[in-house]
Amino acid sequence: MRPAAVNSPVSGFALRFAAVSKAFAESGPALRDIDLALPAGGITALVGPDGAGKTTLLRLAAGLLLPDKGRIESFGLDSATAGGQLHSLIGYMPQRFGLYEDLSVQENLQLYADLYGIPQHERHSRFADLMRMTNLAKFGDRLAGRLSGGMKQKLGLACTLLNRPRLLLLDEPSVGVDPVSRRELWQIIATLVAEFGTTVLLSTAYMDEAERCQRVVLLDRGEILHQDAPAAFHALARDCSFLLSSPRTSNRALQQRLAGHADVVDSVVQSGAVRTVVRPGSRPDWSKLFPGAETVVSRAVAPRLEDAFILLLTRRRSSTSDAETVCFNPHGAGAKLDGMRAPVIEVDQVDRWFGRFQAVKKLSFQVGRGEIFGLLGANGAGKTTTFRMLCGLLPASNGRLRVAGLDLRSAASQARARLGYMSQKFSLYGQLSVQQNLEFFSQAYGLHQGRRRERIAWAVAQFGLQDFLAHNSADLPLGYKQRLALACALMHEPEILFLDEPTSGIDPLARREFWARINQLAAQGVTVLVTTHFMEEAEYCDRLLIMREGDILAAGTPAEIKQRSRMGGAEPVATMEDAFIRLVEAGGEQSG
């Protein structure tokens, strides 16, 4: 693959925004006076909270939108007057990859080749190069809709690269894909930059991805809050980051105590401790948080990009998150902790077949009351099939499933009344308003008039939905779609909550708000079963089960999973993502 030749004025920048603003009639200003200059080559990350303007900026850069004010140039060409020329220089992959799911892999490539006007005699070699780069060569006849999330991601990128763009624009390219697929994506991007000089601008909700880039641009409310190299962001959080632990207090309880400390800006469970970010210049006395019989161990750690991201955004915002409000106290859950770990989910030797394909193989595990239990695995591992069986939406082929003491084979409807389910795509009705979605789900869960009004009022106040009640759910920012979906899942005060990739594509601030709510629910006795591709969230779980091809690859606490990944005398891993990749790859070698 070689980048396209360009006949354009000489310019030192692959992309340049000069005082660019853009507004939409239905939602108001999206970008305000954006100044941005990307030199040719290298990778720039675009980060920011949901609704910050990242997608609008990328669509402007791609020439799909024109600015209301200001000027946008790519390689010296004005986007307002040179759209045809820029089409041959720029590749743009939207959030959902831009694929036609009823067409095969090969047919998608042919369609994009037609759109780009690629001559027939060049197509074979280009297709072959891209299929080799993305490891999709043996899937040419498979429908795009039947590919795993990671394979769809790679096909979408292959289609975008057919025109050999000099500027590659990627909007949340790694949303909803597992760590192995994310790593493969980054290998492809690194190859494009190193070997072909491609310039890449990508938006991402994952700060570990932004850390890999040469430059980071932080957007908030349509404005650039800060832009620099990752190391310069780190400097903004110098002497602000600590790891705290206590031999007598669980990490979850420690995190909840820290949330009330005046100097604490952020706290997340990480590496068997609580990573804490404090206000610059503060020197907290951690011992004051604990009674005399307790101790806390504090260790300063190097700052990371996510620490600076949180500091910059919280400094700008005067109000704090409303996630500390008590959610509810479901039947049978409360302050009494006796028997909290009694099994409420039991999976015993469960199989699930689809024709001749076995998606789940002799699966067995238990989840205790009030436990947060994580199901991990690469795309296609069987996680969602397992979820659907546990929700009573899909029968098991063999084995036994019990939820809240009820056998799903004989009492599926009674069991469903005691659980809440939040799917990967939030299960909302896009053409219904927020108010109508709340009405529908409260009625579907059998709530009667007075109780229904009470629970809807609770949801609106609890999740800050007052200003969006008349909006169609399809038009909500992603973070508010997540809030609404969780509110609907909790409408009937379930004992068990199923969360299928609930934070996919959500920015770090929204993820923290979400997990603050989930921790509260678990503390009140709600059992939570969650799937996630974001491995840092796996640290928040009490126990984990990693699946591969429908079977159990590893199980245990996060610390036990990390320890298990040290097979054959291997070096210890620093992160859960490293442990996951090592275990999955080792499992693949053994099965091969």
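What counts and how
Residues numbered from 1 in each chain as written. Predicted model: local features only at pLDDT ≥ 70, side-chain atom pairs only at ≥ 80, totals over all residues. Heavy atoms only, no water. Helix = DSSP H or I, 4+ residues; strand = E, 2+ residues; numbered from the N terminus. Rg over C-alpha atoms; globule rule 2.2 N^0.38 Å. Buried < 20%, exposed > 50% of the residue type's maximum accessible area, 1.4 Å probe, protein only. Contact = heavy atoms within 4.5 Å. Areas by Shrake-Rupley, 256 points an atom, 1.4 Å probe, with all protein chains shown as cover. Lys, Arg positive; Asp, Glu negative; His and termini not counted. Charge placed at Lys NZ, Arg CZ, Asp CG, Glu CD. Domains from an automatic or database assignment. Buried area = accessible area lost by both parts, 1.4 Å probe. Salt bridge = Lys/Arg side-chain N within 4 Å of Asp/Glu carboxyl O. Arc of directions from axis to C-beta. Pairing = 2+ DSSP bridges. Axes fitted to C-alpha atoms, helices over the stretch in contact; angles between N-to-C directions. Expected span 1.5 Å × (residues − 1). Parallel < 35°, antiparallel > 145°, perpendicular 65-115°, else oblique. Left-handed = near helix turned anticlockwise from the far one by under 90°. Nonpolar A, V, L, I, M, F, W, Y, C, P; charged D, E, K, R; others polar. UniProt positions renumbered as here; feature names shortened; annotations may be inferred.

Novice: How should I be thinking about the overall build of the protein in this particular structure?
Specialist: Counting its regular elements, the protein contains 19 helices and 24 strands. In terms of overall size, the protein behaves like a compact globule, its C-alpha atoms giving a radius of gyration of 25 Å where 592 residues would be expected to give roughly 25 Å. In terms of overall dimensions, the protein has C-alpha extents of about 75 × 60 × 60 Å along its principal axes. For the protein, the proportion of its 592 residues judged to be buried stands at 55%. When contacts within the protein are restricted to residue pairs at least 6 apart in sequence, long-range pairs at least 24 apart make up 72% of them. Accessible surface computed for the protein: about 25,000 Å², of which carbon and sulfur atoms make up 50%. Where the 67 positive side-chain charges of the protein centre and where its 62 negative ones centre are 2 Å apart.

Novice: Explain the domain arrangement of the protein to me, please; I cannot follow it from the model alone.
Specialist: By a frequent convention, interface size equals the accessible area lost on bringing the separate parts together. Each domain of the protein was delimited in the assignment, giving domain 1 (13–231), domain 2 (239–302) and domain 3 (343–587). Taken residue by residue, the interface counts nine residues in domain 2 and 13 residues in domain 3. Taking both partners together, domain 2 and domain 3 bury about 800 Å²; carbon and sulfur atoms supply 37% of that area. It is Arg 252, Val 268 and Val 269 in domain 2 that bury the most area against domain 3; as a group they hold 58% of the surface buried on that side. Viewed at the interface, domain 3 and domain 2 are joined by two salt bridges.

Novice: Help me understand helix H13 (residues 434–444), please; the structure alone is not making it clear to me.
Specialist: For the α-helix, the turn length of 3.6 residues means that residues three or four positions removed from each other point alike. Along H13, the residues that are buried comprise Val 434, Asn 437, Leu 438, Phe 441 and Ser 442. The buried side chains of H13 occupy one side of the element, clustering within an arc of 125 degrees when seen end-on. Turned more than 90 degrees away from the buried face of H13 sit Gln 443 and Ala 444, all of them exposed. Contacts made by the buried residues of H13 are with helix H14 (449–462) and helix H15 (478–489). Downstream of H13 by a residue or two, Gly 446 has a phi angle that is positive, lying close to 80 degrees.

Novice: What's the story with the sheet that holds strand E21 (residues 496–500) in this structure? I'm lost.
Specialist: Spatial ordering of the open sheet is given by E20-E21-E22-E17-E23-E24, a layout of six strands whose pairing is mixed. Among the strands making up the open sheet, the edge pair consists of strand E20 (419–422) and strand E24 (551–556). When the angles between neighbouring strand axes are averaged without regard to direction, this sheet yields 15 degrees. Bridge count for strand E17 (residues 372–377) against strand E22 (residues 527–531) is four bridges, and the pairing is parallel. What sits directly across from Phe 373, in E22, is Leu 529. Here H15 sits on the sheet in contact with E20 and E21, set at roughly 160 degrees to E20.

Novice: Help me understand helix H16 (residues 508–523), please; the structure alone is not making it clear to me.
Specialist: In a regular helix each residue adds 1.5 Å, so 16 residues correspond to 22 Å; H16 covers 22 Å between its end C-alpha atoms and thus fits that length. Just beyond H16, the residue with positive phi is Gly 525, at close to 105 degrees.

Novice: Help me understand the pattern of salt bridges, please; the structure alone is not making it clear to me.
Specialist: Any two side chains of opposite charge can pair, so long as their charged atoms come close to each other. What the rule picks out here adds up to 31 salt bridges. A salt bridge links Asp 220 to Arg 316; its shortest N-O distance comes to 2.8 Å. Here Asp 220, found in strand E9 (residues 215–220), pairs with Arg 316, found in helix H10 (residues 305–316); they are 96 residues apart in sequence, far enough to count as distant. For Asp 220, a relative accessible area of 1% gives the class buried.

Novice: Mind showing me how you'd approach the sheet that holds strand E6 (residues 90–93) here?
Specialist: The sheet built from six strands is open, its strands ordered E6-E7-E8-E3-E9-E10 with mixed pairing. With partners counted over all chains shown, the strands left at the sheet margins are E6 and strand E10 (223–228), one partner each. Put simply, the sheet's adjacent strands are angled 15 degrees from each other on average, direction ignored. Contacts from helix H1 (residues 54–61) reach strand E3 (42–47), E6, strand E7 (167–171), strand E8 (199–203) and E9 within the one sheet, and its direction differs from that of E7 by about 155 degrees. Of the strands in this sheet, E6 and E7 touch helix H5 (residues 149–161), which is tilted by about 160 degrees from E6.

Novice: What is the right way to read the pairing of strand E4 (residues 69–74) from this model?
Specialist: Note on strand geometry: in a regular strand, side chains alternate between the two faces of the sheet. By the bridge criterion, four bridges tie strand E1 (residues 13–24) to E4 in an arrangement that is antiparallel. Across the sheet, residue Ser 21 finds its bridge partner in E4, namely Lys 69. Note: E4 against strand E5 (residues 77–78), two bridges, orientation antiparallel. For Ser 74, the partnering residue across the bridge sits in E5 and is Leu 77. A loop of two residues connects E4 with E5, the two strands running antiparallel in sequence, and Phe 75 in this loop sits at a positive phi of about 50 degrees.

Novice: Help me understand the packing of H5 against helix H6 (residues 179–196), please; the structure alone is not making it clear to me.
Specialist: The geometry of a pair of packed helices is captured by two quantities: the angle between their axes and the separation between those axes. Contact geometry of H5 with H6 gives a least axis separation of 9 Å together with a crossing angle of 20 degrees. In terms of axis orientation, H5 runs roughly parallel to H6. For the element pair H5 and H6, the recorded crossing hand is right-handed. Where H5 abuts H6, its residues Gly 150, Gln 153, Lys 154, Leu 157 and Leu 161 lie against Ser 181, Glu 184, Leu 185, Ile 188 and Leu 192. Tallied by class, residues from the contact of H5 with H6 come to five nonpolar, three polar and two charged.

Novice: How do you make sense of the packing of H15 against H16 when you look at a structure like this?
Specialist: Contact pair H15 / H16: the axes reach a minimum separation of 11 Å and the direction vectors enclose 15 degrees. Considering the angle they form, H15 stands roughly parallel to H16. Crossing angle aside, the handedness with which H15 passes H16 is right-handed. Judged by residue contacts, Gln 482, Arg 483 and Leu 486 of H15 engage Ala 510, Glu 513, Phe 514 and Arg 517 from H16.

Novice: Hey, could you run me through the UniProt feature "domain: ABC transporter" (unreviewed entry) in the protein in this one?
Specialist: Mapped onto the present numbering, the UniProt feature "domain: ABC transporter" (unreviewed entry) falls on residues 15–246 and 345–574. As annotated, residues 15–246 comprises 36% helix and 29% strand, and the C-alpha atoms at either end are separated by 49 Å.

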